[in-house]
Amino acid sequence: MNIGILSSKQAQTNSSLSHSVLHGSTENKSRLGIFFERSIVARRVLLFIAMLGTCMLIGDGILTPAISVLSAMDGIRAPFPSVSKSLVEALSAGVLVVLFLLQKFGTSRVSFMFSPIMGGWTLCTPLVGIYSIIQHYPSIFKALSPHYIFRFFWRNGKEGWLLLGGTVLCITGSEALFADLGHFNRSSIQIAFLLTIYPSLVLTYAGQTAYLIKNPNDHDDGFYKFIPTTIYWPIFIIATLAAVVASQSLISATFSVIKQSVVLDYFPKIKVVHTSSNKEGEVYSPEVNYILMILCVAVILIFGDGKDIGNAFGVVVSLVMLITTILLTLVMIMIWRTPPWLVAIYFFIFFTMEGVYASAVLSKIPEGGWIPFAISFILAFIMFGWFYGRQKKIEYELTHKIDLGRLGILLSEPGIQRVPGFCFFYTNIQDGLTPILGHYIKNMKSLHRVTIFTTLRYLLVPKVAAHERIVVNKLGLEGVYGCVIQYGYADSLNLEGDDFLSQVSDSLQLCIQNCSGGVTSDHEEVQEEISTFEEAKLAGVVHIRGKTRFYIGNNCGWFERSMLAFYEFLHSNCRSALPALGVPLPQRIEVGMLYEA
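The name given to the protein in an unreviewed UniProt entry is Potassium transporter, with the source organism recorded as Populus trichocarpa. Under the UniProt heading Sequence similarities (unreviewed entry), the note attached to the protein is "Belongs to the HAK/KUP transporter (TC 2.A.72.3) family."

Take a look at the structure:
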């Protein structure tokens, strides 16, 4: 479905594929898909909803570790009432710092280390729940009957609806399942949930409820109160470690969501480390990790009251689940082409259930529920500012791009010289050449004898085969060639040394020989072209890449001025769009250019 707003994805698509293959014919599309393709307003609304859900999930990645660890560590105050609240907050912050320092080892290693903890948690807490059920209220499983749900709401009315806000934390974690699919496969999540997590939760919550029926005044700390005194400390240790594991799922999900946002050009460039050689979605970002760590510690120290964080957590969880349901419904209709009756059943059940929860927790906004909205507003402003600047930049590049005909005219102008040397000129436009090229030729009055316009293409595979890594072709002008470097997420992209140059040389010579078609009359021309190529290598190698900024003139409005200024601030403080190529410093040249807004 061509329902994006950034035009870069269209421009960067492989031009050898036909439009019908890329986007499909109109007859094969749903009516809803055609509506979104034709309506820019609908696409912007969809973008806003997706951005809100993304920012809420990132906010979830901040709140989940904070409330999970804080609530677990708070159990130390039950046997030791003299322990101050500030000490609990400090201990929780220390645990979180250790957790975030472990992230660099990757999801697989961290999860493997944490799996015995989850095994102990899913085994111990349901056993305690069964003991509590037998001890306090054996008939508690009547609560699973829908009959009591209807009676509860019929008897309590509005008050019962508001009380849902206090139970929404029982279903947290499920909002991160889709993001965690990048780290774990679907079957592992289904098996773990259905065979271990869900039965364990039902028995644990039933045990707590059985205890609260007999001890209704202990509702503020129902978990630790229903644990028998003899096994209190082992359960406390397991609960604290399990809270750390629960935090891990949302941290991993945050890495995944931000990485996808970067790939789609809706978030500033950050360093993304692939910690697995066979799972593209298993990623780690140092910058995001440490920012999350600082924010989590700040939330604990500033909003130390667990109730405020819990209210904020309930708001963000319910809204993320509601937005996920809406977006997944659109995917089912437009992409999966699911039968309408199945879509209707799915949407009615989930939207009704999650909508009721969301409406109940919105009443908690004055009591701490505003925290995720503040976090989401800041993140959404960053995403929109980056998106706005990238859109303006891509529009300028597509409008002022240099085609081969224009390049030929520039090179034929009097005063333009072809200087000795071998040049890699990096461009991110595949259906043309970057406007920086025209800026460079007009001002330098020259172009290297052999110039290879190089594009880096990231593929969603671990490694690209050696014979497919470098694709070279002639562009029809003397000494001018095109090169596409394809790399996967487990490839080390290092262009330093003679190895890369020799690979390009071999590919280029093979391309020149293939283009001649083996005709004898062209043999001398081929040899002359190869000798020119070798002479250019001996003269020196240089790598040229562009560095652009916006020139904000007086004709720009205040909104455009402020958004482009914010984009320039983000752009100057984020990583380069090109990966670290390992090119020696003496061979690097950056060409600056001002894009007129």
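Now that the structure has been shown, the text picks up again.
(A) Layout of the packing of aromatic side chains. The tally for this structure, following the rule as stated, stands at 25 aromatic pairs. Judged by centre distance (5.2 Å) and plane angle (50 degrees), the rings of Trp-386 and Tyr-567 are tilted. Note that Trp-386 is positioned in helix 16 (residues 370–399) and Tyr-567 in helix 22 (residues 558–572), a separation of 181 residues in sequence. According to the relative accessible area criterion, Tyr-567 is buried, its value standing at 2%. A network of ring pairs unites the aromatic residues Tyr-266, Phe-384, Phe-387, Tyr-388, Trp-558 and Phe-559 as a single cluster.

(B) Local environment of the pattern of salt bridges. On inspection of all chains with the given rule, the structure shows 7 salt bridges. The shortest N-O distance in the salt bridge between Lys-537 and Glu-534 comes to 3.4 Å. On the criterion of helical spacing, the pair formed by Lys-537 and Glu-534 is a turn pair, its members being 3 residues apart in helix 21 (residues 523–539). On the accessibility criterion, Lys-537 (22% relative accessible area) is partly exposed. Shared partners join several salt bridges into a network, and the residues in it are Asp-265, Lys-269 and Arg-390.

(C) Expanded view of the packing of helix 4 (residues 40–73) against helix 13 (residues 286–302). Interhelical geometry of helix 4 versus helix 13 gives an angle of 50 degrees and a closest axis separation of 9 Å. Judged by the angle between their axes, helix 4 and helix 13 are oblique. The handedness of the crossing between helix 4 and helix 13 comes out as right-handed. Of the residues in helix 13, those touching helix 4 at Ile-58, Gly-61, Ile-62, Leu-63, Pro-65, Ala-66 and Leu-70 are Leu-292, Leu-295, Cys-296, Val-299 and Ile-300. Across the contact of helix 4 with helix 13, the residue classes tally to 11 nonpolar, 1 polar and no charged.

(D) Spatial organisation of a negative patch on the surface. On the surface, a cluster of negative charge is made up of Glu-478, Glu-524, Glu-525 and Glu-528. Along the chain, the position of Glu-525 falls in helix 21.

(E) Molecular detail of helix 3 (residues 31–38). Taken as a whole, helix 3 has its buried residues at Gly-33, Ile-34 and Phe-36. Along the axis of helix 3, the buried positions cluster into a sector of 160 degrees, meaning they face one direction only. Helix 3 presents Arg-31 and Arg-38 as exposed residues on the side facing more than 90 degrees away from its buried surface.

(F) Region of the structure containing the confidence of the model for the protein. On average, residues of the protein score 82 in pLDDT, and 88% of them reach the 70 mark or higher. Within the model, the stretch residues 7–24 combines pLDDT values under 50 with 27 contacts to residues more than four positions away or in other chains.

(G) Spatial organisation of the pairing of strand 7 (residues 541–551). Here strand 3 (residues 417–426) pairs with strand 7 via 4 bridges, running parallel. Looking across to strand 7, one finds that Phe-424 is bridged to His-543. Strand direction decides the pairing type here: strand 7 and strand 8 (residues 588–596), joined by 9 bridges, are parallel. When the sheet's bridge partners are listed, Ile-544 is paired in strand 8 with Ile-589.

About the criteria used
Residues numbered from 1 in each chain as written. Predicted model: local features only at pLDDT ≥ 70, side-chain atom pairs only at ≥ 80, totals over all residues. Heavy atoms only, no water. UniProt positions renumbered as here; feature names shortened; annotations may be inferred. Phe/Tyr/Trp six-rings, centres within 6.5 Å; stacked < 30°, edge-to-face > 60°. Helix = DSSP H or I, 4+ residues; strand = E, 2+ residues; numbered from the N terminus. Buried < 20%, exposed > 50% of the residue type's maximum accessible area, 1.4 Å probe, protein only. Salt bridge = Lys/Arg side-chain N within 4 Å of Asp/Glu carboxyl O. Axes fitted to C-alpha atoms, helices over the stretch in contact; angles between N-to-C directions. Parallel < 35°, antiparallel > 145°, perpendicular 65-115°, else oblique. Left-handed = near helix turned anticlockwise from the far one by under 90°. Contact = heavy atoms within 4.5 Å. Nonpolar A, V, L, I, M, F, W, Y, C, P; charged D, E, K, R; others polar. Patch = residues over 30% accessible without salt bridge, like charges linked within 9 Å, V, L, I, M, F, W, Y side chains within 5 Å. Areas by Shrake-Rupley, 256 points an atom, 1.4 Å probe, with all protein chains shown as cover. Lys, Arg positive; Asp, Glu negative; His and termini not counted. Charge placed at Lys NZ, Arg CZ, Asp CG, Glu CD. Arc of directions from axis to C-beta. pLDDT = per-residue confidence, 0-100. Pairing = 2+ DSSP bridges.

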